[in-house]
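An overview of the molecular structure
Single-letter residue listing:
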Amino acid sequence: SSDGLDDDDDNGGGDTRGVICAMVGEGEQVAAAAVTDAASEASSQIDAVRGGLADLRDRAQARVERFKEDWERAKSKGVDAVPSEQRARRRLELFAEDLVMSAGVGLAGGALASLVLLRRAGPRYLAVGFGAGCGAGSAWARFSATPSAARQQVAARPAADK
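Being a predicted model, the structure only gives us computed values, none of them experimental.

1. Observations regarding the overall build of the protein
- The helix and strand inventory of the protein stands at four helices and zero strands.
- The buried share among the 162 residues of the protein stands at 8%.
- Across the protein, every contact between residues at least 6 apart in sequence was considered, and the portion connecting residues at least 24 apart equals 51%.
- Carbon and sulfur atoms make up 61% of the accessible area of the protein, which totals about 12800 Å².

Next up, the structure:
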């Protein structure tokens, strides 16, 4: 034949073309088996990852549902749903904000009044301090006049519980 491979070898050997084809076929089978094994291993790993992701998704959905239930329960309870330390912190934050604003307004008012009414520096400082003190005092009065949630709860209890 034209490719140099004869069916009958002059040395008395077997079919050269058949041996080569068998060797190539055997290599292809080994390669195919390796690819099949790798594909099945990759498929099992993908399935494991999918299972892990499904588990994570289920746990996340359960957390979201628990959060929604807790949120609805907290909304239905009202004030009692917020922990007392958060209520106290928020109340103090509001007081601090009111204190700064009121003292600032009092300071500005005292400074303006001292510029108009007083000539010397000493009395002006006293008037500015008095204005700031009046502002801070008004903030404290508003803070102490607002009943805390604890006082409201004690006042709301029947006399037998006190």
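2. Observations regarding the pattern of salt bridges
- Inspection of the entire model under this criterion finds five salt bridges.
- The shortest N-O distance in the salt bridge between R50 and D47 comes to 4.0 Å. Of the two residues, R50 and D47 are both situated in helix α1 (residues 16-77); the distance of three residues between them amounts to about one turn of the helix.
- The class for R50 is exposed, based on a relative accessible area of 57%.
- With a relative accessible area of 44%, D47 lands in the partly exposed category.
- Measuring nitrogen to oxygen at the nearest pair gives 3.7 Å for the salt bridge that ties R90 to E93. Residue R90 and its partner E93 are both found in helix α2 (residues 84-117); the two are separated by three residues, about one turn of the helix.
- By relative accessible area, which is 42% here, E93 ends up partly exposed.

3. Describing a nonpolar patch on the surface
- Taken together, the side chains of L112, L115, V116 and L117 present a nonpolar region at the surface, about 470 Å² in accessible area.
- Along the chain, L112 falls in helix α2.

4. What to know about the packing of aromatic side chains
- In total, this model carries three aromatic pairs according to the counting rule given.
- Both rings, one in F95 and one in W140, keep their centres 5.7 Å apart while their planes meet at 75°; by these two values the pair is edge-to-face. Placement of F95 in helix α2 and of W140 in helix α3 (residues 121-145) is noted, with a sequence separation of 45 residues between them.
- For F95, a relative accessible area of 17% puts it in the buried group.
- By relative accessible area, W140 is classed as partly exposed at 48%.
- Ring centres 4.5 Å apart and planes at 40° place the aromatic pair F95 and F143 in the tilted group. Within this pair, whereas F95 is found in helix α2, its partner F143 is found in helix α3, the two being separated by 48 residues in sequence.

About the thresholds
- Residues numbered from 1 in each chain as written.
- Predicted model: local features only at pLDDT ≥ 70, side-chain atom pairs only at ≥ 80, totals over all residues.
- Heavy atoms only, no water.
- Helix = DSSP H or I, 4+ residues; strand = E, 2+ residues; numbered from the N terminus.
- Buried < 20%, exposed > 50% of the residue type's maximum accessible area, 1.4 Å probe, protein only.
- Contact = heavy atoms within 4.5 Å.
- Areas by Shrake-Rupley, 256 points an atom, 1.4 Å probe, with all protein chains shown as cover.
- Salt bridge = Lys/Arg side-chain N within 4 Å of Asp/Glu carboxyl O.
- Patch = residues over 30% accessible without salt bridge, like charges linked within 9 Å, V, L, I, M, F, W, Y side chains within 5 Å.
- Phe/Tyr/Trp six-rings, centres within 6.5 Å; stacked < 30°, edge-to-face > 60°.

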